[in-house]
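# Secondary and tertiary structure notes
Chain by chain, the residues:
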Amino acid sequence: MRTTFNTIVLGLGGIGSGAAYWLSRRLGADVLGIEQFEFNHARGESHDHTRIIRHSYHTPQYVELTKHAYAAWRALEADCGQRLIVTTGGLDLAPREGAAIRLMNYSKSLSAAGISHEVLDGTEIAKRWPQFNVDERHHGVFQADGGIATPELSNRAHLRMAREHGATLIDNAPVTQIEDRNGEITVRAGDQAFICKKLVIAAGPWTNNALTHLGCSLPLEVSREQVVYFDSPHINDFLVGRFPVWIWMDEPCFYGFPVYGHHGVKLAQDCGGYITTGDTRTFELDPANFQRVRDFAARYMPRALGPSHLIKTCLYTLTPDRDFVLDTLPEHPNVSVAIGAGHAYKFASVLGKILSELAIDGATPCDIDALNFDRHILTLADPPKSYSQ
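One structure accompanies this document, and this report is about it. Predicted, not measured: the structure shown is a model, and the values here were computed from it. (Residues numbered from 1 in each chain as written. Predicted model: local features only at pLDDT ≥ 70, side-chain atom pairs only at ≥ 80, totals over all residues. Heavy atoms only, no water.)

### Concerning the overall build of the protein
Worth spelling out the cut-off: In this text, helices come from DSSP runs of H or I with a minimum length of four residues, and strands from runs of E with a minimum of two, each type numbered from the N-terminal end. This radius of gyration counts C-alpha atoms alone. The globule rule is 2.2 Å times how many residues there are, raised to the power 0.38. For each residue, the accessible area found with a 1.4 Å probe, counting protein chains only, is set against the maximum for its type, and the residue is called buried under 20%, exposed over 50%, and partly exposed in between.
Secondary structure summary: the protein contains 8 helices and 20 strands in total. Relative to a compact globule of 389 residues, whose C-alpha radius of gyration would be 21 Å, the protein shows 21 Å and is just as compact. C-alpha extents for the protein along the principal axes are approximately 65 × 40 × 40 Å. The buried share of the protein, reckoned over its 389 residues, is 57%.

### Some thoughts on the pattern of salt bridges
If charged atoms from side chains of opposite charge come close, those side chains can pair. Quick reminder of the rule: Any Lys or Arg side-chain nitrogen located within 4 Å of an Asp or Glu carboxyl oxygen qualifies as a salt bridge.
Applying the stated criterion across every chain, the model contains 17 salt bridges. The residue K266 makes a salt bridge to D48 at a minimum N-O spacing of 2.8 Å. Of this pair, K266 sits in strand β16 (residues 265-270) while D48 is found in the loop between β2 (31-34) and β3 (51-53), placing the two residues 218 residues apart along the sequence. Across the salt bridge formed by D48 and K312, the nearest N and O atoms sit 2.8 Å from each other. Residue D48 is found in the loop between β2 and β3, and its partner K312 is found in strand β18 (residues 308-318); the two are separated by 264 residues along the sequence. Residue classification places D48 among the buried positions, given a relative accessible area of 2%. Using a relative accessible area of 22% as the deciding quantity, one classes K312 as partly exposed. In the salt-bridge network here, residues are joined through shared partners; they are D48, K266 and K312.

### Quick look at the packing of helix α1 (residues 14-27) against helix α2 (residues 60-80)
Here is the rule: Here an angle of 0 to 180 degrees is reported between the N-to-C directions of two axes, which are lines fitted to C-alpha atoms, with helices fitted over the stretch in contact. In these notes the angle categories are as follows: under 35 degrees is roughly parallel, over 145 is roughly antiparallel, 65 to 115 is roughly perpendicular, and the rest is oblique. Less than a right angle of anticlockwise turn of the near helix away from the far helix marks a crossing as left-handed, whereas a clockwise turn marks it as right-handed. Residue contacts follow a heavy-atom distance rule, with two residues in contact if any of their heavy atoms lie within 4.5 Å. Classification convention: Asp, Glu, Lys, Arg as charged; Ala, Val, Leu, Ile, Met, Phe, Trp, Tyr, Cys, Pro as nonpolar; all other residues, Gly among them, as polar.
The N-to-C vectors of α1 and α2 enclose an angle of 65°; their axes lie 12 Å apart at closest approach. Considering the angle they form, α1 stands roughly perpendicular to α2. The handedness of the crossing between α1 and α2 is left-handed. Judged by residue contacts, Y21, W22 and R25 of α1 engage A72, A75, L76 and D79 from α2. Of the residues in the contact of α1 with α2, the class split is 5 nonpolar, no polar and 2 charged.

### Topic: the packing of aromatic side chains
Where we set the bar: Aromatic pairs are defined between Phe, Tyr and Trp rings, using the six-membered ring for Trp, whenever the two ring centres lie within 6.5 Å; interplanar angles under 30 degrees are classed as stacked, those over 60 as edge-to-face, and all others as tilted. In this scheme, the term charge over a ring applies when either NZ of a lysine or CZ of an arginine sits within 6 Å of the ring centre and within 35 degrees of the ring normal.
Counted according to the given criterion, the structure contains 19 aromatic pairs. Plain terms: the ring middles of Y57 and Y62 are 5.1 Å apart, the flat faces sit at 15° to each other, and that makes the pair stacked. Exposure remark for Y57: the relative accessible area of 0% places this residue in the buried category. Taking NZ or CZ as reference, R2 lies 4.7 Å from the ring centre of F5, over its face. A cation sits over an aromatic face here: R54 above Y57, 4.2 Å from the ring centre.

### Focus on the sheet that holds β3
This is how the line gets drawn: Two strands are counted as paired when DSSP detects at least two bridges linking them.
Within the open sheet, the 3 strands sit side by side as β3-β8-β4. Their pairing is antiparallel. Whereas interior strands pair on both sides, the edge strands pair on one side only; in this sheet they are β3 and β4 (85-87). Averaged over all adjacent pairs, the angle separating strand axes in this sheet is 35°, with direction ignored. Here β3 runs beside strand β8 (residues 147-149); their pairing, made up of 3 bridges, is antiparallel. Bridged to I53 within β8 is G147.

### A few points about the environment of G306
Of note, G306 is situated in the loop between α7 (287-300) and β18. C-alpha separation for the pair G306 and D231, spaced 75 residues apart in sequence, amounts to 4.8 Å. Here G306 is in contact with F230, D231, P233 and R294, once residues within four sequence places are set aside.

### Here's the deal with the nonpolar core
What counts is decided by this rule: By convention a nonpolar core is built from buried Ala, Val, Leu, Ile, Met, Phe, Trp, Tyr and Cys residues, the set being connected through side-chain atoms within 4.5 Å.
Grouped together as the largest cluster of nonpolar side chains are 72 residues, with contacts concentrated most on Y255, F324, L326, F347, L351 and I354. For this core, the leading source of residues is α2, giving 9 residues. The contacts of L326, once residues within four sequence positions are left out, are V337, A338, L351, I354, L355, I368 and L371. Grouped together as the second largest cluster of nonpolar side chains are 31 residues, I34, F37, C196 and A210 included.

### Details of the side chain of R281
To keep things clear, this is the line we draw: Under the counting rule used here, the positive set is Lys and Arg, the negative set is Asp and Glu, and His together with the chain ends is not counted.
Within the secondary structure layout, R281 lies in the loop between β17 (274-276) and α7. Buried charge R281 goes without a salt bridge, the closest partner of opposite sign being E284 at 7.8 Å. Those residues in contact with R281 that sit more than four places away from it in its chain are A42, R43, G44, R224, T276, T313, C314 and L315.

Keep in mind these values describe shape, not function.
Right under this line is the structure:
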């Protein structure tokens, strides 16, 4: 097997598979992707049928990045000949008390980035989507381009097209050593040693495992999250075309989808899980989390309720400020790293593209200045944490 490459990617989940794909478009066979588990496993952050894609975000910088995200997905769709993004419209809604500033920031950020959207009162929301039990005490922001990103389809598309462009991809190869000597990086994975000029780390919950080999780490927390599929007796009310993706912008925060990929109405609490690690997490039901989701649905989406016939888990890799990390390492400029902070799947392909640009060009046209590795909060031993957005 070939052992020397221009660039190696560690981790082939959502972001890492994107990096392997975009690198292979420019470097062809000079790319190696390494996955510690089997391809398309369910131990990390980027699996299941659906994730939300949206332009609506809390800062104009993120909204601008969503433009690049949509463009990257369209490029992948054109390359692989497969539909990967499903437009449903996206609704952010909340009680007027407590969430007014938060929703206003979303609306202001969309306006600053020139993205059309509607500000709706609760009465209009209930008129358009009677599946929600809301009234004049609520309000929301609707953005027509919101929809579904498809991890199970899209990760496979990234990997398939990376191979078609010449990349070598291996799985079941845990990394045991990384050395950077005079600009040449040696990665030992499985029973092989590989050499490269550039290294991309997209290892999610296992990021610090990789960074430790290079003498650095980040103040990350890994949380185990949970989604519930309810077998609603009114399932037709929640089909694509009749129901949007949505986020309840309050504390606690909830989100959900129309029916897609699996029979059932999918709901979850954002950051509703407990702190764990990639290696010690469990897959069992979290009863308290489940009850919070069910109570929310009973109050605000009663027609969605039915038997819970499927519960899935995933992990979030959280930075203290919940902003991405997207940068080269200060002491190792030939190593780039991405942390998605529990809200990155919509950006998975463009983050992979940015990582490819950092590796090949040393820079990217996207504005990632605020997402640097050594920003102040990431230098603190015990940083304050704020996981809402």
